[in-house]
Amino acid sequence: MTVHNLSRFASAKGLREALSINVSYAVTEEEVSRLFLQVMELSKDNPDLPIENQYEVEIRATRGGDYAVEWTCFYYIKETRQVLKIRQLMLALLLKVAREQNISLQTPVLYQLESGEQLPVPPAPEAS
């Protein structure tokens with residue numbers, strides 16, 4: 001017999017999901033909104049992405065750091081059995097749209113050197 005966990009729903013709208021990215025401070029709010037809205041628009045055409053499109057998405061800056069701002073798009077789903085698949089497909093769609101819109105999701109790696117230190121050199125690949 002199958003057990004259905006109905007308590008996973010945050011509300012009658014469904015389960016609130018979040019899609020987060022880190023972008024440079026140089027990327028504007030309008031660019032981030034355009035990116036997420038394009039992803040949501042494209043998700044409507046994908047039968048593997050059962051997003052509850054009748055509800056407006058929320059796009060918010062959720063964290064700031066030294067080199068990037070974390071932006072999150074909140075949306076709703078009701079297919080709780082497909083949460084992992086939906087998350088994976090939404091991330092893949094976001095990466096595709098970010099490339100098309102020329103928005104870099106890379107953030108720099110910081111090295112702080114003390115006087116006289118050198119950057120670490122990665123080991124050479126082993127010969128097989």
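Refer to the structure printed above.
Residues numbered from 1 in each chain as written. Predicted model: local features only at pLDDT ≥ 70, side-chain atom pairs only at ≥ 80, totals over all residues. Heavy atoms only, no water.

A. Geometry of the overall build of the protein. Secondary structure summary: the protein contains 2 helices and 3 strands in total. Along the protein, from the amino end to the carboxyl end, the secondary structure elements read β-α-β-β-α. Counting across all 128 residues of the protein, residues that qualify as buried make up 28%. When contacts within the protein are restricted to residue pairs at least 6 apart in sequence, those whose partners lie at least 24 apart make up 70%. Carbon together with sulfur atoms contributes 50% to the accessible area of the protein, which is approximately 9300 Å² in total. (Helix = DSSP H or I, 4+ residues; strand = E, 2+ residues; numbered from the N terminus. Buried < 20%, exposed > 50% of the residue type's maximum accessible area, 1.4 Å probe, protein only. Contact = heavy atoms within 4.5 Å. Areas by Shrake-Rupley, 256 points an atom, 1.4 Å probe, with all protein chains shown as cover.)

B. Looking closely at the environment of Val23. Mapped onto the elements, Val23 comes out in strand S1 (residues 15–23). Considering only alpha carbons, one finds Val23 and Ala68, 45 residues apart in sequence, at a separation of 5.1 Å. The contact partners of Val23, leaving out residues within four places of it in the chain, are Val32, Tyr67, Ala68, Val69, Trp71, Ile103, Ser104 and Leu105.

C. Representation of the pairing of strand S2 (residues 58–64) within the structure. Pairing analysis gives 6 bridges linking S2 to strand S3 (residues 69–77), with the strands arranged antiparallel. For Arg63, the partnering residue across the bridge sits in S3 and is Glu70. The turn linking S2 back onto S3 is made up of 4 residues. (Pairing = 2+ DSSP bridges.)

D. Spatial organisation of the packing of helix H1 (residues 29–44) against helix H2 (residues 83–100). Interaxial distance between H1 and H2 falls to 9 Å at its minimum, and their mutual angle equals 125 degrees. The orientation of H1 with respect to H2, classified from their angle, is oblique. Helix-helix and strand crossings are classified by hand; for H1 and H2 the assignment is right-handed. Within the contact between the two elements, H1 uses Leu35, Phe36, Gln38, Val39, Met40, Leu42 and Ser43 and H2 uses Met90, Leu93, Leu94, Val97 and Ala98. Across the contact of H1 with H2, the residue classes break down as 10 nonpolar, 2 polar and no charged. (Axes fitted to C-alpha atoms, helices over the stretch in contact; angles between N-to-C directions. Parallel < 35°, antiparallel > 145°, perpendicular 65-115°, else oblique. Left-handed = near helix turned anticlockwise from the far one by under 90°. Nonpolar A, V, L, I, M, F, W, Y, C, P; charged D, E, K, R; others polar.)

E. Broad picture of the pattern of salt bridges. Tallying each qualifying case throughout the model produces 6 salt bridges. Glu70 is the salt-bridge partner of Arg63, the closest N and O atoms lying 3.8 Å from each other. The exposure class assigned to Arg63 is exposed, which follows from its relative accessible area of 57%. (Salt bridge = Lys/Arg side-chain N within 4 Å of Asp/Glu carboxyl O.)

F. Summary view of the pairing of S1. The alternating pattern of S1 places Leu15, Glu17, Leu19, Ile21 and Val23 on a buried face and Arg16, Ala18, Ser20 and Asn22 on a face that is not buried. In this sheet, S3 lies alongside S1 in antiparallel orientation, the contact comprising 9 bridges. Across the sheet, residue Asn22 finds its bridge partner in S3, namely Glu70.

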